[in-house]
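# Observations on chain architecture
Listed below, chain by chain, are the residues.
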Amino acid sequence: MAGKWQDAVGEAREATGFTGEVVHRTVDGIGAVLRLDHRADFYTELGTLSDSGGFEAFLNHWWTQALADSATDENARAEAIDFADVAVSLYARAAGGPTASQAEINALVPGAEAP
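As the structure is a prediction and not an experimental result, all values here were calculated from the model. Sequence order sets the numbering: in each chain, residues are counted from 1 along the sequence as written. In view of the model being predicted, local features appear only for residues whose pLDDT reaches at least 70, and side-chain atom pairs are presented and counted only at 80 or more, with totals across whole chains, interfaces and linings using the full set of residues. Only hydrogens and water are set aside; all other atoms, that is, all heavy atoms of the structure, feed into the side-chain values.

### With respect to the environment of Ala84
One can find Ala84 in helix H5 (residues 74-94). On a C-alpha basis, the gap between Ala84 and Ala8 in space is 10.0 Å, while along the polypeptide they are 76 residues apart. Note on conventions: DSSP H or I runs of at least 4 residues are helices, E runs of at least 2 residues are strands, and numbering of each starts at the N terminus.

### Overview of the nonpolar core
By size, the foremost hydrophobic cluster in this structure holds 23 residues, and its most contacted members are Trp5, Ile30, Trp63, Leu67 and Phe83. At the level of secondary structure, the elements contributing two or more residues to this core comprise helix H1 (2-16), helix H4 (52-70) and H5. By residue number, the principal contributor to this core is H5, which donates 8 residues. Throughout, a contact is declared for two residues whenever any of their heavy atoms are within 4.5 Å. With sequence-adjacent residues up to four places away left out, Trp5 is seen in contact with Arg25, Trp63, Ala87, Val88 and Tyr91. Among the buried residues, those of types Ala, Val, Leu, Ile, Met, Phe, Trp, Tyr and Cys that are joined through side-chain atoms within 4.5 Å form a nonpolar core. A 1.4 Å probe rolled over the protein chains alone gives each residue an accessible area, and that area as a share of the maximum for its type sets the label: buried under 20%, exposed over 50%, partly exposed in between.

### Quick look at the pattern of salt bridges
A carboxyl oxygen of Asp or Glu within 4 Å of a side-chain nitrogen of Lys or Arg is what we treat as a salt bridge. With the rule as written, the count across this model stands at 2 salt bridges. A salt bridge links Glu56 to Arg25, with the shortest nitrogen-to-oxygen separation between them at 2.7 Å. With Glu56 in helix H4 and Arg25 in the loop between H1 and helix H2 (27-33), the pair connects residues that are 31 residues apart, well separated along the chain. Measuring nitrogen to oxygen at the nearest pair gives 2.8 Å for the salt bridge that ties Arg35 to Asp37. The exposure class assigned to Asp37 is partly exposed, which follows from its relative accessible area of 45%.

### A few points about H5
Spanning 21 residues, H5 covers 30 Å between terminal C-alpha atoms, matching the ideal 30 Å at 1.5 Å per step. Where H5 is concerned, the buried positions are Ala76, Ala80, Phe83, Ala84, Val86, Ala87, Val88, Ser89, Leu90, Tyr91 and Ala92. At the N-terminal boundary of H5, the capping side chain belongs to Asp73, with an oxygen 3.1 Å from the backbone nitrogen of Asn75. Within two residues after H5, Gly96 carries a phi angle of roughly 80°, on the positive side. An expected span of 1.5 Å times one less than the residue number is assigned to each helix. Throughout this description, a polar contact denotes any pair of N or O atoms lying within 3.5 Å of each other; where both atoms belong to protein, one of them has to be capable of donating a hydrogen while the other can accept it, and for residues adjacent in sequence the pair is counted only when both atoms sit in side chains.

### Looking at the layout of surface pockets
Grid points spaced at 1 Å and placed over the protein atoms alone form the basis of the search, with a cavity being a set where a 1.4 Å probe fits but cannot get out and a pocket an open set showing protein on both sides within 12 Å along at least five of seven lines. Lining residues have an atom within 4 Å of a point. Grid points are joined across faces, edges and corners, and a volume is the space filled by probe spheres set on the points. Each pocket or cavity is described by its volume, and for the largest pocket that value is around 220 Å³. Forming the walls of the largest pocket are 15 residues, and the residues nearest its centre are Phe18, Gly20, Glu21, Ser70 and Ala71. Elements with a minimum of two residues in the lining of the largest pocket: H4 and H5. Tallying contributions element by element places H5 first for the lining of the largest pocket, with 3 residues.

### Describing the packing of aromatic side chains
Centre distance within 6.5 Å is the pairing criterion for rings of Phe, Tyr and Trp, where only the six-membered ring of Trp is used; planes under 30 degrees apart are then read as stacked, over 60 as edge-to-face, and the remainder as tilted. Using the criterion set out here, one finds 8 aromatic pairs in the structure. Ring centres of Phe42 and Phe58 lie 5.1 Å apart, and the angle between their planes is 15°; this geometry places the pair in the stacked category. Residue Phe42 is found in helix H3 (residues 36-48), and its partner Phe58 is found in helix H4; the two are separated by 16 residues along the sequence. Since its relative accessible area comes to 2%, Phe58 is described here as buried. Look at Phe42 and Trp62: their rings are 5.6 Å apart centre to centre, the planes differ by 70°, and that puts the pair in the edge-to-face class. Residue Phe42 is located in helix H3, and its partner Trp62 is located in helix H4; the two are separated by 20 residues in the primary sequence. In this pair, the class of Phe42 matches that of Trp62, namely buried. For a ring to carry a charge above it, either NZ of a lysine or CZ of an arginine must fall within 6 Å of the ring centroid while also lying within 35 degrees of the normal to the ring plane. Sitting over the ring of Phe83, Arg13 keeps its end group 5.9 Å from the ring centre. When the ring centre of Trp5 is taken as reference, the NZ or CZ atom of Arg25 above it lies at 4.5 Å.

The following block contains the structure:
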């Protein structure tokens, strides 16, 4: 699965032009960059997880939040969220999870054109 994640991140970088720092999609990586008020919620929610399917959704949500929290300004925050949305969608498609059409993925990227 790590290879699929890295592929999705690379493809999302290409699609969005995101040049910011990519937070590691791990509990430690996410927890390290969340704002303090979000960090408490993150660890509380982590403690309530009971299945692996829920863990993937949990990581996706909090990874996106971590990218937003680590952004330096509002423009960088918007770019980070767009990048995260595309990366998570591409990863879900590659992992056989819920998928989005190419048009839906393109709609997440401002200025993207359909293939």
